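Single-letter residue listing:
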Amino acid sequence: MDPKGKGSPDASGLARVGSTFPDEVMQIVLALLNSHRDRSSVSLVCKNWYDAERFSRTHVFIGNCYSVSPEIVTRRFPNIRKVTLKGKPRFADFNLVPPNWGADIRSWLLVFAARNLCLEELRLKRMTVSDESLKFLSLSFPNFKALSLLHCDGFSTDGLAAIATHCMNLAELDIQENDINDKSGSWLSCFPENFSSLEVLNFANLRNEVNFEALDRLVSRCKSLKVLKVNKNISAEQLKRLLVHAPQLTELGTGTFLQDLTSCQYSELESAFNKCKNLKTLSGLSEVTALHLTPLYPACTNLIFLNLSYSALKDVQLAKLLVRCPCLRRLWVLETVGDKGLEAVGSNCPMLEDLRVFPADTFEDIAHGVTESGFVSVSYGCPRLRYVLYFCQQMTNAAVATIVHNCPNFTHFRLCIMNPCQPDYQTNEPMDKAFCAVVKTCAKLQRLAVSGLLTDVTFESIGRYAKSLKTLSVAFAGSSDWGMQCVLGGCPKLRKLEIRDCPFGNAALLSGFKKYDSLRSLWMSDCKVTMNGCRLLAKERPWLNVEVMKEEGSNESRANKVYVYRSVAGPRRDAPPFVLTL
Amino acid sequence: MDGTLGLLGRGGGGGSSGSSTNESTVSKVEIVEQDFVGMPSEASSYPEEAELELGLGLSLGGGGGAAAVKAKASTWGERGRILTAKDFPSVVSHGGSAPSRLSDRATAGALGAVSGTKRAAESVSQEGGSPTGASQVVGWPPIRAYRMNSLVNQAKSQRAEEDKMIGEQDKSKDASKKKIYTKTDITPKEKGHLGFVKVNMDGVPIGRKVDLNAHSCYSSLAQMLEDMFFRSTSTAKSTGGEKEQVKSSKLLDGSSEFVLTYEDKDGDWMLVGDVPWGMFLGSVKRLRIMRTSEANGLGI
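What counts, and at which threshold
- Residues numbered from 1 in each chain as written.
- Chains lettered and ligands numbered in written order.
- Predicted model: local features only at pLDDT ≥ 70, side-chain atom pairs only at ≥ 80, totals over all residues.
- Heavy atoms only, no water.
- Axes fitted to C-alpha atoms, helices over the stretch in contact; angles between N-to-C directions.
- Helix = DSSP H or I, 4+ residues; strand = E, 2+ residues; numbered from the N terminus.
- Parallel < 35°, antiparallel > 145°, perpendicular 65-115°, else oblique.
- Contact = heavy atoms within 4.5 Å.
- Nonpolar A, V, L, I, M, F, W, Y, C, P; charged D, E, K, R; others polar.
- Core = buried A, V, L, I, M, F, W, Y, C linked by side-chain atoms within 4.5 Å.
- Buried < 20%, exposed > 50% of the residue type's maximum accessible area, 1.4 Å probe, protein only.
- Pairing = 2+ DSSP bridges.
- Right-handed = clockwise from strand over helix to strand, strands pointing away.
- Arc of directions from axis to C-beta.
- Salt bridge = Lys/Arg side-chain N within 4 Å of Asp/Glu carboxyl O.
- Phe/Tyr/Trp six-rings, centres within 6.5 Å; stacked < 30°, edge-to-face > 60°.

Asks: With reference to specific residues and values, describe the packing of helix H13 (residues 338-348) of chain A against helix H14 (residues 372-381) of chain A.
Replies: Residue and element names in this part refer to chain A. For the pair H13 and H14, the least separation of the axes is 7 Å and the interaxial angle reads 5°. In terms of axis orientation, H13 runs roughly parallel to H14. Within the contact between the two elements, H13 uses Asp-339, Leu-342, Glu-343, Val-345 and Gly-346 and H14 uses Ser-373, Gly-374, Phe-375, Ser-377, Val-378 and Gly-381. Partitioned by chemical class, the residues of the contact of H13 with H14 number four nonpolar, five polar and two charged.

Asks: Run through the nonpolar core, naming residues and quoting values.
Replies: Ranked by size, the top nonpolar core spans 174 residues in total, and within it Trp-187, Leu-201, Leu-215, Phe-410, Phe-413, Leu-448 and Ile-462 of chain A carry the most contacts. Setting aside its immediate chain neighbours within four residues, Leu-448 of chain A contacts Phe-413, Phe-435, Val-438, Val-439, Ile-462, Leu-469, Thr-471, Leu-472 and Ser-473 of chain A. Membership of the second largest hydrophobic core comes to 23 residues, among which are Tyr-218, Leu-225, Tyr-262 and Leu-287 of chain B.

Asks: Help me get a handle on the pairing of strand E1 (residues 59-62) of chain A, residues and values and all.
Replies: Moving residue by residue along a regular strand, the side chains alternate between the two faces of the sheet. Residues and elements named next belong to chain A. Alternating residues of E1 divide into Val-60 and Ile-62, all buried, and His-59 and Phe-61, none buried. In the sheet, E1 pairs with strand E2 (residues 82-86) via four bridges, with the strands oriented parallel. Residue pairing across strands places Val-60 opposite Val-83, the latter belonging to E2. Since E1 and E2 lie parallel, the crossover through helix H5 (residues 70-76) that links them has a hand, and here it is right-handed.

Asks: I'd like a description of the pairing of strand E13 (residues 330-334) of chain A, backed by residues and values.
Replies: Residue and element names in this part refer to chain A. Extensive coverage of E13 is indicated by the burial of four of its five residues. What joins strand E12 (residues 305-307) to E13 is helix H12 (residues 315-322), and the crossover it makes is right-handed. Pairing of E13 with strand E14 (residues 354-358) involves five bridges; the strand directions are parallel. For Arg-330, the partnering residue across the bridge sits in E14 and is Asp-354. Crossover E13 to E14 through H13 is right-handed.

Asks: Can you explain H12 of chain A? Please cite residues and give values.
Replies: All names here are of chain A. Buried within H12 are the following residues: Gln-317, Leu-318, Leu-321 and Leu-322. When H12 is viewed along its axis, its buried side chains cluster within an angular range of 125° and face the same direction. Summarising the contacts, the buried residues of H12 are in contact with E12, E13 and H13.

Asks: Before we move on, can you summarise the side chain of Ser-309 of chain A with the specific residues and values?
Replies: Following the sequence through the fold, Ser-309 of chain A ends up in the loop between E12 and H12. For Ser-309 of chain A, a relative accessible area of 0% translates into the label buried. Contact partners of Ser-309 of chain A, with chain neighbours within four places excluded, come to Trp-332, Val-333, Leu-334 and Phe-358 of chain A together with Arg-147 of chain B.

Asks: Describe in detail the pattern of salt bridges, supporting the description with residues and values.
Replies: All names here are of chain A. Applying the stated criterion across every chain, the model contains 35 salt bridges over all chains. The shortest N-O distance in the salt bridge between Glu-172 and Arg-123 comes to 2.8 Å. Here Glu-172, found in strand E6 (residues 172-176), pairs with Arg-123, found in strand E3 (residues 121-125); they are 49 residues apart in sequence, far enough to count as distant. With a relative accessible area of 14%, Glu-172 lands in the buried category. Salt-bridge contacts for Arg-221 lead to Glu-193; the nearest nitrogen and oxygen are separated by 3.5 Å. Here Arg-221 is found in helix H9 (residues 212-221), whereas its partner Glu-193 is found in the loop between strand E7 (179-181) and strand E8 (200-202), with 28 residues between them in sequence. What you see here is one network of salt bridges that share partners, running through Arg-39, Glu-53, Arg-57 and Arg-76.

Asks: Run through helix H16 (residues 432-441) of chain A, naming residues and quoting values.
Replies: All names here are of chain A. In terms of burial, H16 is a largely internal element, seven of the 10 residues being buried. Every buried residue belonging to H16 is among Asp-432, Ala-434, Phe-435, Cys-436, Ala-437, Val-438 and Val-439, and all of these are buried. Looking at the buried residues of H16, the elements they touch are helix H15 (397-406), strand E16 (412-417), strand E17 (447-449) and helix H17 (456-465).

Asks: Which residues make up the packing of aromatic side chains, and what values go with them?
Replies: This structure, assessed with the given rule, holds 23 aromatic pairs over all chains. When the ring of Phe-91 of chain A is compared with that of Trp-523 of chain A, the centres are 6.0 Å apart and the planes differ by 80°; the resulting orientation is edge-to-face. Here the residue Phe-91 of chain A occupies a position in the loop between E2 and helix H6 (106-114), and Trp-523 of chain A occupies one in strand E20 (residues 521-525), the gap between them amounting to 432 residues. Classification of Phe-91 of chain A by relative accessible area gives buried; the value is 5%. Considering the side-chain rings of Trp-277 of chain B and Phe-280 of chain B, the 5.3 Å spacing of their centres and the 40° angle between planes classify their relative orientation as tilted. Taken as a pair, Trp-277 of chain B and Phe-280 of chain B lie in helix H9 (residues 277-283) at a separation of three residues, close to a single helical turn.

It is worth stressing that arrangement in space is one thing and function is another; only the former is reported here.
Structural data, given as structure tokens:
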């Protein structure tokens, strides 16, 4: 247990010394430690170090809001200023968790306020946040600087108005992909006229039009603004005016480029982009036509991240754009670019590390989307690839084997063959060989999502070879309990396991009861687990929260949705009626 | 695929092209596939609310939170609706059909039948080839509703934008230019500047397009559709799909084996003919000629 940053190789030696180590020096040194893991390590060395660490910690990250209570957190870390909280299980994003499940920020805010925490930053993911909570937040913490809401729900633009009105020192307002009740755009006009501390403003999530003049003035006076992501209502012409006021932007999310521009507007836009020499991230670009991408080109030289996942570009448009982005490391696109578009990626993006190909909402009759060949093209051209999320219509074992051969450095491999249980379309075999190749070749693999027709063979391989795997997502796969048993018996670093619609039952569930102590959480839905199995697990491991979500009309003995997680806070006190803690 | 829309297909269902040839896992595959058969629809990734998704597989199209969907669900009942998952509570994946689904082969067939029916509304077949429809299982493919809603709205507002542009410009002068514009444009799924909407018919892999602006009333539209779909000898359709032998009969009066339905801008499927023509024009997104047997609940 060698705490990094200390420069000393011998922890036990330090422990002896630690008792006479001046606290002030400890504090200074600890202030340099930012990693949560490092800090956890420090806190385990001895009592002195535990205390020194807890008083100096300013940022706490809680991966499961129910694993600990706000009272415990604030008691241990009285001086925290930045809090990151994650709430609902990830499958809540796909509507597998009924509404009103919980993960409400309210109780946390109440405790923070009661303990006089000097809260400055709050980053929430998949939490329920009400307007009252936002208002309470804005009034209770005068130093509040940064609010980031990702995949949250329960609030409306009224809550944003409260934040804008009361948070005098706000530097960051990042509203991303939430289920928000978008009543009006008037919240933006609530920023006081003398307010100028904003550095990050992301309201791409919102649909209602904001007052453009208010936005323009805001952007003009916030000289430190680095990140600006507007919503679709901002036209290209308006965007140009904003860019003229904020050429220092490093991240830009545009509105629409749909309407025809006059040639004068066109060149003005182009020259506005030309002045944005610091742009590293570009997103938005909804409703773009071929003509209108050209003004962007001057700003692409230093682009690292291009997010076209809401932009239905075709291959030609993408290719033209990519040629101008030599430094690109992260690219998110829609499947509309097709395999040809991905060929262009392979040809133009040698530095690419992160590729995500999302499906487009389409009612097309014709075949569309990307296939295995697009992915293979990318792998030939982008050997540095380490993160991929790929939605496709078809895949083959051979293609995946080629891909990981070309790109052995994958840390995140998320392949979604859109049709559940679809085999290799050329050989009609299961996709076992594909994922076996992935886990055998990619030693650094941390996150894996599997799809297609899979037998237990896949899970045997995962258990045996995926030594670094932390997160595993499984759907419609496996042949028997053995598959899940292999995973639970192997994968030493496993933290999160989420499973749906697989033939894993009680035997599988119970085989891992020791494993669950080291998992953040386990999700199993529509598998073959029964209430009895869950009760057995709960009995065997009383410190785990074993929760079952009951639905109306479902079989009484079945446990259709099971969520198991470790917690020091005991069973939930705010569980709704449909959540049973066993 | 089967003679039906492949909804109940055992060997070919589920969209897997050759699942039946895989000896070791064929039984599992078949069983599992019973449940999200109905793959022949387009590979859409639909938002996952059980009411909408399983019945129609359509996006909510406009900030659908759970509350919004629930509100929709109740109005549906009044207006008539496509069969949805709620009609089959014991079967629906959302409710967990796990018991029979994965373990009991014997009932799988029956389930398959029911599953097939409940996905009727979205079972527009793909043209030949590999059936790609990602199933209408709740929450699959794993795409956030926010993303799907955004893309649908994108299409809608693009269409609105184009309609607006048409209104402002001289149609005759720019008609050809606009046509090219829209053809090379992004999402072809929008109505298009001339009022073209897609029409699909159950059992027919390839859809057609009709120009709604070329009609001034329902009967002329229905007539045109009947000519298009039911008098195959006179049309140029080259499909090898399951072409039904249908007597020439009116689509609108319920005497046919088929009914004409449309999807409105809220994403709901309605029976054509209920609202005034003008209102229909303003809200229709696309049409579907649906089997009467599958259109129960629409008020016929």
